[in-house]
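# Commentary on secondary and tertiary structure
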Amino acid sequence: MASPSPAEEFDLVVIGSGPAGEKAAAQAAYFGKRVAIVERAPEPGGAGVHTGTLPSKTLRETALYLSGHASRELYGVAVKLDRLATLEHLMARKDVIAASESARIRGSLLRHGVSYLHGTATLEDPNTVIVGEGRDVRELRASFILVATGSRPFHPKDIDFADDRIHDSDEILCIHRLPERLIVLGGGVIGCEYACMFAALGTQVTLVDARDEILPFLDEELVARLLSSMRTLGVELRHGVKWPKVESKDDGVTVTLSDGAVLRSDQLLYAAGRVGNTEGLGLDKVGVALDARGYIAVDEHYRTSVPSILAAGDVIGFPALASVSMEQGRVAICQAFGFGYKRAVSHTMPYGIYTIPEVSGVGATEKWCREQNRDYVVGRALYAQNARGKIVGDTDGLTKLVVCAKTRKLLGVHVVGENATELVHIGQTVLHLEGTVDLFIDMVFNFPTLAESYKYAAYECLDALARQAR
């Protein structure tokens, strides 16, 4: 491989400009390190900006707005979405948001003095990255290299993704028209989110998952409420069944399930798993260990099997959340250079599921408490009994607290309903500070607000504690 001489010297080279890569690069530069970041896509931001997080949330807001979902029962407003509307038209704002976020990332890297390189990166050795091919090649040497190349949808060999009616989660938003019927294979976060969005837009959606439990990492009670809301939205749920055969036919896509049922639809979304973006990086050449799905193995400091090579974000697998990826990138750099600024990613990591309704949780669930033999109590506050909940028309929402019966400390917070992904942060703060349930009693909340539900959930916890003490 041809390479220029001399090599360009840096303290850190980051491969990938998604959430983990951007924050890692900025963190190192903030402490005065010489940093370069390499991105092969036309614009920075990774899947979070261009194919995943932001685009899907844009579709969600579009679905809620254009379908009049929140207005139907409150004001009797009936909105009929044009069935001939193109998804490109519905997603027009996606491109605006992506461009704005890419510009923000470029600006942030520029302000921090990070060298931004567009091209394909390959590891030459544990401290050298080659960018580009042929004569247009740059050699970068660094004390540390951070791999933050993200992940992509898994493509099983027996499904024909070349068919323009079969999609993965990266390109589902590129379909030309809204389908009348859609089958979603995979009931994870991505599958559930898209099932809700398309159902809100009037598509008949069938969601299939091989597991008996959907979203098993969430609180069981919240999942039950979510599934009930999804059925009300029109989503047909089939879980505990596999899909041994997916066929493309003249009149659409046919899926044969393991229970013998046959499903037919106009379009199909396959959302059952992802793989690490590690091909072509030369990781095998330098001895970096990968698992069967191409994810990079790391220790608690995000070091790989090669001491000078770090990895963070979706490329290391679970939990694959943009929020967590950002912190992983920062922690990896602080630990590598010994800054002492961030020692670990906080254990109070909230999950945010942008279904309809939203679901969010942080900390211990009831199931975890039972498995750990923890003595606990639960307090619930229903949106239906909250003034703001009545105003916005969310009568199914719930704020739930899990509290240690011995110490009164908050163990977990779980919210389903309007603004759940925002509300959870109130509980997250108390959890992070190891506060007790009494703090919610002492707090004064604006009225009317959904946040006030914390106080009434706390009162219910106190009532449960008092009953136990009798």
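Scroll up to find the structure this text is about.
Attention here is on the structure that accompanies the text. (Residues numbered from 1 in each chain as written. Predicted model: local features only at pLDDT ≥ 70, side-chain atom pairs only at ≥ 80, totals over all residues. Heavy atoms only, no water.)

### Some thoughts on the overall build of the protein
On a plain count of helices and strands, the protein comes out with 15 helices and 22 strands. For a compact globule of 470 residues, the expected C-alpha radius of gyration is about 23 Å, and the protein comes in at 24 Å, within 12% of that figure. When the backbone C-alpha atoms are referred to their principal axes, the protein occupies close to 75 × 60 × 40 Å. Within the protein, buried positions represent 52% of all 470 residues. In the form shown here, the protein has an accessible surface area of approximately 21,700 Å², with 50% of it arising from carbon and sulfur atoms. (Helix = DSSP H or I, 4+ residues; strand = E, 2+ residues; numbered from the N terminus. Rg over C-alpha atoms; globule rule 2.2 N^0.38 Å. Buried < 20%, exposed > 50% of the residue type's maximum accessible area, 1.4 Å probe, protein only. Areas by Shrake-Rupley, 256 points an atom, 1.4 Å probe, with all protein chains shown as cover.)

### Quick look at helix α15 (residues 453-469)
Count 3.6 residues to each turn of an α-helix, and residues three or four apart come out pointing the same way. Between its first and last C-alpha, α15 extends 25 Å over 17 residues, near the 24 Å set by a 1.5 Å rise per residue. Those residues of α15 that sit buried are Ser 453, Tyr 454, Lys 455, Ala 457, Ala 458, Cys 461, Ala 464 and Leu 465. Along its buried surface, α15 packs onto β20 (376-382), β21 (398-404), β22 (410-416), α13 (420-432) and α14 (438-442). (Expected span 1.5 Å × (residues − 1). Contact = heavy atoms within 4.5 Å.)

### So, the packing of helix α1 (residues 19-30) against helix α6 (residues 92-111)
At their nearest, the axes of α1 and α6 sit 10 Å apart, and the two run at 20° to each other. Relative to α6, the element α1 lies roughly parallel. Helix-helix and strand crossings are classified by hand; for α1 and α6 the assignment is left-handed. Side by side, α1 and α6 meet where Glu 22, Lys 23 and Ala 25 of the first sit next to Arg 104, Ile 105, Ser 108 and Leu 109 of the second. Of the residues in the contact of α1 with α6, the class split is 3 nonpolar, 1 polar and 3 charged. (Axes fitted to C-alpha atoms, helices over the stretch in contact; angles between N-to-C directions. Parallel < 35°, antiparallel > 145°, perpendicular 65-115°, else oblique. Left-handed = near helix turned anticlockwise from the far one by under 90°. Nonpolar A, V, L, I, M, F, W, Y, C, P; charged D, E, K, R; others polar.)

### Comments concerning the nonpolar core
Residues Leu 12, Val 129, Leu 140, Phe 198, Leu 207 and Met 230 are the most contacted members of the largest nonpolar core, which totals 90 residues. Among the elements that make up this core, the one with the highest residue count is helix α7 (residues 189-200) (8 residues). One finds Ala 381, Leu 410, Val 413 and Cys 461 within the second-largest nonpolar core, a separate group that totals 27 residues. (Core = buried A, V, L, I, M, F, W, Y, C linked by side-chain atoms within 4.5 Å.)

### Examining the packing of α1 against helix α10 (residues 322-337)
Two numbers describe how α1 lies on α10: the axes approach to 7 Å, and their chain directions differ by 35°. In this structure, the crossing between α1 and α10 has a hand that is right-handed. Of α10, the residues touching α1 (which contributes Pro 19, Ala 20, Lys 23, Ala 24, Gln 27 and Ala 28) are Ala 322, Ser 325, Met 326, Gly 329, Arg 330, Ile 333, Cys 334 and Phe 337. When the residues that make up the contact of α1 with α10 are grouped by side-chain class, the tally is 9 nonpolar, 3 polar and 2 charged.

### A few points about the side chain of Arg 165
Position of Arg 165 relative to the elements: it lies in the loop between β7 (151-153) and β8 (166-168). There is a polar contact of 2.5 Å between the side chain of Arg 165 and the backbone oxygen of Lys 249. Setting aside anything within four residues of it in sequence, one finds Arg 165 in contact with Ser 248, Lys 249, Asp 250, Asp 251, Gly 252, Val 253, Asp 266, Gln 267 and Leu 268. (Polar contact = N/O pair within 3.5 Å; in protein donor to acceptor, adjacent residues only side chain to side chain.)

### Quick word on the environment of Asp 299
If you trace the backbone, Asp 299 turns up in the loop between α9 (283-286) and β17 (309-311). Residues Asp 299 and Val 437, spaced 138 residues apart in sequence, show a C-alpha to C-alpha distance of 34 Å. A polar contact of 2.8 Å, which involves the side chain of Asp 299, links it to the side chain of Arg 303.

### Re a nonpolar patch on the surface
Taken together, the side chains of Tyr 30, Phe 31 and Tyr 341 present a nonpolar region at the surface, about 380 Å² in accessible area. For Phe 31, the location among the structural elements is in the loop between α1 and β2 (35-39). (Patch = residues over 30% accessible without salt bridge, like charges linked within 9 Å, V, L, I, M, F, W, Y side chains within 5 Å. Salt bridge = Lys/Arg side-chain N within 4 Å of Asp/Glu carboxyl O.)

Just distances and angles here, no functional claims.
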